[in-house]
Amino acid sequence: MIGLGIETSCDETSLAIVKDGKELLSLKIFSQIDLHKPFRGIVPEIASRAHLEKINPLLSEVLEESKLGLSDLDYVAVTRSPGLTGSLMIGAQLARSIHAVYGTPIVPLCHLQAHFAVLHLEDVEPVFPVLGLLLSGGNSAIYKIPHFGKMEVVGDTMDDALGEAFDKVAGLLSLPYPGGPPIEKEASKYVPEPKEKDLLPPLLRNLEQDRVAFSFSGLKTAVSHLITKQPDLSAQAVCYHFQKTAFELVERNLKRAVSITGIKRIMAGGGVLANSTLRNRLSKFADKNSLEFFSPQKKIYCTDNGAMVAALGYYLFKQGYSKSLDFTVSPVRQETYI
């Protein structure tokens, strides 16, 4: 079964062709980082214009690389939520156009779920139920996933997502945008003293033990105060302690989510998982707590991409879910299809 995946939710234009939900035939991504870098954040008008300019050339590239035509597609999977409305509309219109000409079924989906389906392109078997850990620029959440097509929120962010916190802390330290890579690089250079005290306060330490919640806004403020109070402190030290405190919160929330749900199989995704320090910490955490832990080995699969959309689309389409032209896009996540 051949599927085209279309992803235009935010600042990546990406198309991919996937066979049987697990064999990648072609993947193309246009990243808009350089377009948004002067503003240190996403500008919706710039994002939607870039999608409009790039989507047709990328379609031609994936078809050429896979040696397929549009008439060979069994389905077209497209991100319908969540995201920037103007950006989502670009991908949706391409899917509708293909359907109008070829009658190809459309599988409009929530790309948050797709971050977990992409693991099957790396031979991770779809065994359920699982906990889905999503850490990105716009999302920090843990979901209970009984099967593809349904997910339940176990814990969500109360303010900033982790990726957003990285960007804001990088700005405080005059590091490049986006903040993830430069902060990880600076943190890796720092060697703490034996028994060195944390420079940043622990987060949500007194939160109810049965509650799962992310909050990174206070950590960003704590970093700002630390820089003001200790101006001679190196950027390497600040980055190290910022990462350490943030990642401790992720581990605490995972531990609580496992305790609440009893699920010990974890799939992780989202752009922040490109951080090798985080992946290593979570792998050790899983080993220590007898958990199964899976995250993308290819960094390209961590970011928003068409391959993950095509992969999830395969499983939803197999279960009988598809649309024609009568679907809408939405900035709000869709948690249940089937």
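Residues numbered from 1 in each chain as written. Predicted model: local features only at pLDDT ≥ 70, side-chain atom pairs only at ≥ 80, totals over all residues. Heavy atoms only, no water.

### Some details on the sheet that holds strand E2 (residues 12-19)
Strand pairs in the sheet, formed through backbone hydrogen bonds, run parallel or antiparallel to each other. With respect to topology, five strands assemble into an open sheet ordered E3-E2-E1-E4-E5, the strand pairing being mixed. On the outer flanks of this sheet lie strand E3 (23-31) and strand E5 (106-110), each paired with one strand and no other. Averaged over all pairs of adjacent strands, the angle between their axes in this sheet comes to 20°, without regard to strand direction. In this structure, strand E1 (residues 2-7) lies alongside strand E4 (residues 75-81), joined through four bridges in parallel fashion. Paired with Leu-4 across the strands is Val-76, a residue of E4. (Pairing = 2+ DSSP bridges. Helix = DSSP H or I, 4+ residues; strand = E, 2+ residues; numbered from the N terminus. Axes fitted to C-alpha atoms, helices over the stretch in contact; angles between N-to-C directions.)

### Digging into the pairing of strand E6 (residues 130-135)
Within E6, six of the six residues are buried, which leaves the element mostly enclosed by the surrounding structure. Judged from the six bridges that link them, E6 and strand E7 (residues 140-147) form a sheet pairing that is antiparallel. Residue pairing in the sheet places Leu-131 in a bridge with Lys-144 of E7. Joining the antiparallel neighbours E6 and E7 is a turn of four residues. Of the strand pairs in this sheet, E6 and strand E10 (residues 265-269) are connected by four bridges, and their pairing is parallel. (Buried < 20%, exposed > 50% of the residue type's maximum accessible area, 1.4 Å probe, protein only.)

### Observations regarding the domain arrangement of the protein
Here the protein is described as being made up of domain 1 (2-118 + 301-337) and domain 2 (127-295). Each partner contributes residues to the interface: domain 1 has 21 residues there, and domain 2 has 27 residues. Counting the surface lost from both domain 1 and domain 2, the interface buries some 1,900 Å², and carbon and sulfur atoms represent 64% of this. For domain 1, the biggest contributors to the area lost against domain 2 are Arg-40, Phe-116 and Cys-302; these three give 38% of the whole. For the pair domain 1 and domain 2, the interface holds one salt bridge. (Domains from an automatic or database assignment. Contact = heavy atoms within 4.5 Å. Buried area = accessible area lost by both parts, 1.4 Å probe. Salt bridge = Lys/Arg side-chain N within 4 Å of Asp/Glu carboxyl O.)

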